[in-house]
Amino acid sequence: RLNNATTWFRFVAGQSHDEDNDLPRASLVMARPVTGRWHQVRRHLNGLSHPILGDTSHGASQTNREWKEQRNMPGERTCLHLARMQLPPNEVAPEGIDV
């Protein structure tokens, strides 16, 4: 039996993949299921070609491996459970990010 599921997404910050540099395409979004279950957030983002970093079930294996090896991302499911993210000031976000 299939049930309809709706998830509300809000774009917070992001960068596109730029072929002139080594920056990966990444976005920070807030997601909240309206109907259905929490699990659907993972499926909906993956279906939009924006899998959650570190998600070993619905994520992108190659991308997860690259973030672990090249950017020292901690173990699996790291970004799946974020409630707050703090990033220090840098050239992309001079005031830092606290979401």
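Residues numbered from 1 in each chain as written. Predicted model: local features only at pLDDT ≥ 70, side-chain atom pairs only at ≥ 80, totals over all residues. Heavy atoms only, no water.

Thoughts on the overall build of the protein
Phase 1: Within the protein, the regular secondary structure consists of two helices and four strands.
Phase 2: For the protein, the residues scored as buried account for 17% of the 99 residues in total.
Phase 3: Taking the contacts inside the protein whose residues are at least 6 apart along the sequence as the reference set, 34% of them involve residues at least 24 apart. (Helix = DSSP H or I, 4+ residues; strand = E, 2+ residues; numbered from the N terminus. Buried < 20%, exposed > 50% of the residue type's maximum accessible area, 1.4 Å probe, protein only. Contact = heavy atoms within 4.5 Å.)

With respect to the environment of Asn4
Phase 1: Position of Asn4 relative to the elements: it lies in the segment before β1 (6-15).
Phase 2: Judged by relative accessible area, Asn4 falls into the exposed class, the value being 77%.
Phase 3: Expressed as a C-alpha distance, the spacing of Asn4 and Gly36, which sit 32 residues apart in the sequence, is 7.2 Å.

A look at helix α1 (residues 39-47)
Phase 1: Within α1 the residues assigned to the buried category are Gln40, Val41, Arg42 and Leu45.
Phase 2: In the segment just after α1, Ser49 is the residue with positive phi, at about 65°.

A closer look at the side chain of Arg42
Phase 1: The residue Arg42 is located in helix α1 in this model.
Phase 2: At a separation of 2.7 Å, a polar atom in the side chain of Arg42 contacts the side chain of Asp55. (Polar contact = N/O pair within 3.5 Å; in protein donor to acceptor, adjacent residues only side chain to side chain.)

A short note on unusual backbone geometry
Phase 1: Unlike most non-glycine residues, Ser49 shows phi in positive territory, near 65°.
Phase 2: Following the sequence through the fold, Ser49 ends up in the loop between α1 and α2 (61-71).

Examining a nonpolar patch on the surface
Phase 1: A contiguous nonpolar patch, built from Trp8, Val12, Met30, Val34 and Val99 and spanning about 400 Å² of accessible area, is present on the exposed surface.
Phase 2: Mapped by element, the contributors of at least two residues to the nonpolar patch are β1 and β2 (26-35).
Phase 3: Looking at where Val34 falls in the secondary structure, it is placed in strand β2. (Patch = residues over 30% accessible without salt bridge, like charges linked within 9 Å, V, L, I, M, F, W, Y side chains within 5 Å. Areas by Shrake-Rupley, 256 points an atom, 1.4 Å probe, with all protein chains shown as cover. Salt bridge = Lys/Arg side-chain N within 4 Å of Asp/Glu carboxyl O.)

Some thoughts on the confidence of the model for the protein
Phase 1: For the protein, per-residue confidence averages 78 on the pLDDT scale, and 81% of positions sit at 70 or higher.
Phase 2: The weakest mean pLDDT in the protein belongs to strand β3 (residues 86-87) at 79; the strongest belongs to α1 at 85. (pLDDT = per-residue confidence, 0-100.)

Let's talk about the environment of Arg42
Phase 1: Taking relative accessible area as the criterion, Arg42 reaches 12% and is therefore assigned buried.
Phase 2: In the structure, Arg42 is positioned 10 residues away from Ile52 in sequence and 6.7 Å away in space, judged by C-alpha atoms.

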